[in-house]
Amino acid sequence: MNEKKLVQNFKSYINVSPMNNGDKNGSIQELKPKLLNGELVVGAAHSVVMLAPLSERDRGRFGSLFVTNYKLSFIPIDSSSNDEYGQRNQLVGTFDVPLTGVGALWQTDGGPIRRRRLLPRSDVPSKLKGLQIVCKNMKVLTFNFANSPIGSGRKVAMALLHHAFPKRHDLLFAFEYREPYYPTLPSDLNMFQRPGDWKRELERCECPHWRITCINGTSDAFMLTAGETLIVPGSVLDYNLIEAARHFRSGRVPIWVWGRPEGAALLRSGELLPTEQSATAESVLLEQVRRSHPKLTPPRVLYVCGAGGAAGAAGAGGAGALPPLAALDAAYKKLADLCTPTTLAGFWTQDSQYYSFLESSRWLRHVASCLTFADEAANQLSQNVSVVLQEGDGVDYSAVVSCLTQLLLDEHYRTITGFQSLIQKEWIALGHPFCDRLGLPRPGTTKEETEKEPTAQVAPVFLLFLDCTWQLQRQFPAAFQFTETYLTTLWDCTHNHLFDTFLFNCPRDRELAVAKNFVQRPLWDWEEQFSEQDIALFYNPLFGQSTPSSRQTTGAATAARAARLQPCASVGGVELWSQCYERWLPPLDAPRAGHVQFVLQHAALRAQIQKLNEKLSSLSILSRHSNGSETTEAPDAPPTPTPTVTRFFPFSLRGTYEVSRNLDSMHVSLIDASQLLDSQSLLNAPD
């Protein structure tokens, strides 16, 4: 630790005389990264300057830069208590980036202005002056190697290009990490891995006219990208499913994902193939869906993307069909360019035309289109009409619209465990290709096969879903148990390849890996990464509070209608998700601003209300046992002060927050005691 503590978080070290007369040899100080079990250093550079965000060349931090088989890690020499985010990840440090979170590498001249894109197997100069890393969560890191030994910058760049963009799936660190895993998942979390899990869901929704089939787990499997268990109409035979699957893309026949006790069901399907019998096969299956309805009501087909897009647009209140994945990825890249300026001058230039750049990206239009389709599907289901979502291979936009529809209709999925169960059902069990969409190598392919195969379409489909969920959360602040901090953290953890939740294209790939001794480590064990204090920020203090409308409703049908969320799905009703996209821009991180400030204020009020309720209960007990005798009351404890944080807390570097102390007295009121038992016993156990 340096004897002279720096008051500011960043200080200029450019053009400063060498320290200890040895920084050219990288011997300023022996710095080492914190390594996990199985983690190895594969590249290092000392006397590196990490430039401050949006700075030119005048502000930065001296330290050492390491590349391991798991992460990129910068260790500053002058580390201090200011080098902490409000949220402290126990596996990834403040200046660490998991390798699968690296989006692009740029060669620079030592500053952030002049740069050239570096690609795998591209030529890297021996005298590399600077390196800029743009992460998939829009964080930008810029390093200067002017004071480093010659060639060390090139070693770091080569190590990053090799390990951050592997050619084989089994080269990811999750296959090397051998730390034992002892699951402490919530008991009400449904992983949708076994037939019994789907049976629980079918019983929860009270849908007796549908049946479970495990034909997809046999040699007659027809939907290779989905799990072994499917729910289909009770009147259809497995033989008919196998025959009909030949007429649907990827064998994606209409399958049940959610239903209402009144009879309406929500189904997902792939597009029809251009065969002579495809229309007939579809009509036969839709007839079976109609027969599964107690009132024999015909289902409504919504074409969310693809050949039937025009029809789907007309049926969804005039919203345009969702774009091809390539167009969605192009929209995201334009949004990323807006949210990742590299200099302060560039930031102010973009700020002057902010709304023009935002509109030209069309990202918010795609968000609004997803909400419109979900609202239309929810309207049909509320009227007791079954809905079939049809799209391409049935693994992308149909998952987005299906999840949003269930969030609008089912209160269970607005809880944290319910939301995680929803992701397990719609995205994991039904085979969203996370490897393809996140730019990871496909499981089971060799290096040669990867080079020969056409590049899979990368697209932020899951991010689109999280963005839409945040829009609903913003419009209905008391309807969801989780906060936007939870959603932002979930997006960050999507790129942490230590966990297997988003690491495969389908359940079949995961099963093959497990057969080769792969250790499954679900993301939903949040105690693996965060303390109870950090997890407390995932919980919405307004959730569960009764509203006038809910108090006045009576009866099951009326209560169901009251639980239905009716969002504003127009483009004018959606906003940019600032905490997720703009949190790394210091000029926007204003104090006493942002949604998180209100969350903390509400948490403080709820904790105070809980203390008052406990005091009333104790006074009531004392009055019954006192028999008229006088009792002395203890003086009231002062209320917990509301913490003051910045707009992007807990993702901003602001030193030691007061909130760290205050949350200890708040989070107990936000988390059920039953959910804390296992985590408390683990955290209190000796190492």
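Conventions adopted
Residues numbered from 1 in each chain as written. Predicted model: local features only at pLDDT ≥ 70, side-chain atom pairs only at ≥ 80, totals over all residues. Heavy atoms only, no water. Buried < 20%, exposed > 50% of the residue type's maximum accessible area, 1.4 Å probe, protein only. Helix = DSSP H or I, 4+ residues; strand = E, 2+ residues; numbered from the N terminus. 1 Å grid on protein atoms, 1.4 Å probe; cavity = no way out; pocket = protein on both sides within 12 Å on 5 of 7 lines; lining within 4 Å. Points joined across faces, edges and corners; volume = space filled by probe spheres on them. Nonpolar A, V, L, I, M, F, W, Y, C, P; charged D, E, K, R; others polar. Pairing = 2+ DSSP bridges. Axes fitted to C-alpha atoms, helices over the stretch in contact; angles between N-to-C directions. Contact = heavy atoms within 4.5 Å. pLDDT = per-residue confidence, 0-100. Patch = residues over 30% accessible without salt bridge, like charges linked within 9 Å, V, L, I, M, F, W, Y side chains within 5 Å. Areas by Shrake-Rupley, 256 points an atom, 1.4 Å probe, with all protein chains shown as cover. Salt bridge = Lys/Arg side-chain N within 4 Å of Asp/Glu carboxyl O. Parallel < 35°, antiparallel > 145°, perpendicular 65-115°, else oblique. Phe/Tyr/Trp six-rings, centres within 6.5 Å; stacked < 30°, edge-to-face > 60°. Lys NZ or Arg CZ within 6 Å of the ring centre and 35° of its normal. Left-handed = near helix turned anticlockwise from the far one by under 90°. Polar contact = N/O pair within 3.5 Å; in protein donor to acceptor, adjacent residues only side chain to side chain.

Take helix α15 (residues 484-494) next. Counted residue by residue, α15 has 11 buried out of 11 residues, so it is predominantly covered. Listing the buried residues of α15 in full gives E484, T485, Y486, L487, T488, T489, L490, W491, D492, C493 and T494.

Under the defined criterion, the tally for this structure stands at 6 cavities of 30 Å³ or more. Its boundaries defined by the atoms lining it, the largest cavity holds a volume of some 100 Å³. The residue inventory of the lining of the largest cavity, partitioned by class, reads 7 nonpolar, 6 polar and 1 charged.

Pairing is mixed across the open sheet formed by 4 strands, whose spatial order is β11-β12-β14-β13. In the strand order of this sheet, the two ends are held by β11 (255-259) and β13 (300-305), each with one partner. Neighbour-to-neighbour, the strand axes of the sheet open up by a mean angle of 25°, direction not taken into account. The sheet contact formed by β11 and strand β12 (residues 265-269) spans 4 bridges and is antiparallel. What sits directly across from I255, in β12, is R268. Here helix α10 (residues 397-409) sits on the sheet in contact with β11, β12, β13 and β14 (387-391), set at roughly 170° to β12.

On to the sheet that holds strand β1 (residues 41-51), then. Spatially, β4-β3-β2-β1-β8-β7-β5-β6 is the arrangement adopted by the 8 strands of the open sheet, whose pairing is antiparallel. Each edge of the sheet is formed by a strand with only one pairing partner; in this case those strands are β4 (96-98) and β6 (115-118). For this sheet the average axis-to-axis angle between neighbouring strands, irrespective of direction, equals 30°. Here 3 bridges tie strand β3 (residues 71-76) to β4, and the two strands are oriented antiparallel to one another. From the neighbouring strand, K71 faces β4, where its bridge partner is P98. Packing of helix α1 (residues 152-163) onto the sheet brings it into contact with β1, β2 (60-68), β3, β5 (102-108), β6 and β7 (130-135), and relative to β1 it is tilted by some 120°.

This part covers the confidence of the model for the chain. Averaged over all residues, the pLDDT of the chain equals 85, while 82% of them reach at least 70. A low-confidence stretch, residues 546-559 stays under pLDDT 50, and its non-local contacts, those more than four residues away or across chains, total 3 contacts.

A contiguous nonpolar surface patch, about 270 Å² in accessible area, is contributed by L616, L619 and L622. Mapped onto the elements, L622 comes out in helix α21 (residues 595-626).

At a minimum axis distance of 10 Å, the contact between helix α9 (residues 363-382) and helix α14 (residues 461-475) shows a crossing angle of 70°. By the angle class used here, α9 and α14 are roughly perpendicular. In contact with W363, H366, V367, C370 and L371 of α9, α14 contributes L463, L464, D467, C468, Q471 and L472. Here the residues of the contact of α9 with α14 sort into 8 nonpolar, 2 polar and 1 charged.

What follows is about the packing of aromatic side chains. How two aromatic rings sit relative to each other is given by the distance of their centres and the angle of their planes. Taken as a whole, this structure holds 32 aromatic pairs when the rule is applied. Relative to F465, the ring of F419 lies with its centre 5.7 Å away and its plane at 15°, an arrangement referred to as stacked. Taken together, the residues span a long stretch of sequence, with F419 in helix α11 (residues 416-429) and F465 in helix α14 at a distance of 46 residues. Side by side, F419 and F465 carry an identical accessibility label, which is buried. Above the face of the F651 ring, R583 is positioned so that its terminal group lies 4.9 Å from the ring centre.

This part covers the pairing of β11. Taking burial as the measure, the 5 residues of β11 include 5 buried ones, the bulk of the element. What sits between the antiparallel neighbours β11 and β12 is a turn of 5 residues, in which G263 has the positive phi angle 130°.

To continue, consider the packing of α11 against α15. Relative to each other, α11 and α15 sit at 35°, their axes nearing to 13 Å. Relative to α15, α11 is oriented so that their crossing is right-handed. When α11 is examined against α15, the residues I416, F419, Q420 and I423 are found in contact with a partner set consisting of Y486, L487 and L490. For the contact of α11 with α15, the residue count by class is 6 nonpolar, 1 polar and no charged.

Let us now look at the side chain of R61. In this structure, R61 sits in strand β2. A polar contact is formed between the side chain of R61 and the side chain of D78, at a distance of 3.3 Å.

Mapping R260 onto the fold places it in the loop between β11 and β12. When neighbours within four sequence positions are excluded, R260 is seen to be in contact with C205, E206, C207, L381, S382 and L409.

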